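Architecture and fold: a report
Here is how the chains run, residue by residue.
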Amino acid sequence: MSNNQEQLLQVFRKVFKDDSIMISPSTTAADIDQWDSITHLELLTSVESAFNIEISGFEVMSLKNVGDLLNLVNSKTE
């Protein structure tokens, strides 16, 4: 697991208040019961804060799964 992937996992665990959550590139909102529109916003702002990046609305619209989010994070932290 890459450093960014591990850090992203920790963000997920914090936002969803569940230390047992596991994520993979194919994970989507449908896979996590607590993932609704409110936690989605909290997740994105937490990711921005954790990685010190900004995610545009256009970029958010293109995200289909955790793999897409990780790729976006990786592209902004290289």
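Scope of this entry: the structure provided in the associated data block. (Residues numbered from 1 in each chain as written. Predicted model: local features only at pLDDT ≥ 70, side-chain atom pairs only at ≥ 80, totals over all residues. Heavy atoms only, no water.)

1. Things to note about the overall build of the protein
- A count of helical and extended segments in the protein gives 4 helices and 0 strands.
- Tracing the protein from N to C terminus, the helices and strands come up as α-α-α-α.
- By the compact-globule yardstick of 12 Å for 78 residues, the protein fits well, its C-alpha radius of gyration being 11 Å.
- Counting across all 78 residues of the protein, residues that qualify as buried make up 37%. (Helix = DSSP H or I, 4+ residues; strand = E, 2+ residues; numbered from the N terminus. Rg over C-alpha atoms; globule rule 2.2 N^0.38 Å. Buried < 20%, exposed > 50% of the residue type's maximum accessible area, 1.4 Å probe, protein only.)

2. Here's the deal with the environment of Ala50
- Mapped onto the elements, Ala50 comes out in helix α2 (residues 37-51).
- Ala50 gets classed as partly exposed once you look at its relative accessible area, which sits at 34%.
- Spatially, the C-alpha atoms of Ala50 and Asn4 are 9.9 Å apart, while their sequence positions differ by 46 residues.
- Residue contacts for Ala50: discarding those within four places in its chain leaves Gln7 and Val11. (Contact = heavy atoms within 4.5 Å.)

3. Observations regarding the packing of helix α1 (residues 3-15) against helix α4 (residues 66-77)
- Closest axis-to-axis distance for the α1/α4 pair is 10 Å, and the angle between their directions is 120 degrees. Taken together, the axes of α1 and α4 are oblique relative to one another. Judged by the twist between their axes, the crossing of α1 over α4 is right-handed. On the side of α1, the interface is formed by Asn4, Gln5, Leu8 and Phe12, while α4 contributes Val66, Leu69, Leu70, Val73, Asn74 and Thr77.
- A class-by-class count of the residues in the contact of α1 with α4 yields 6 nonpolar, 4 polar and no charged. (Axes fitted to C-alpha atoms, helices over the stretch in contact; angles between N-to-C directions. Parallel < 35°, antiparallel > 145°, perpendicular 65-115°, else oblique. Left-handed = near helix turned anticlockwise from the far one by under 90°. Nonpolar A, V, L, I, M, F, W, Y, C, P; charged D, E, K, R; others polar.)

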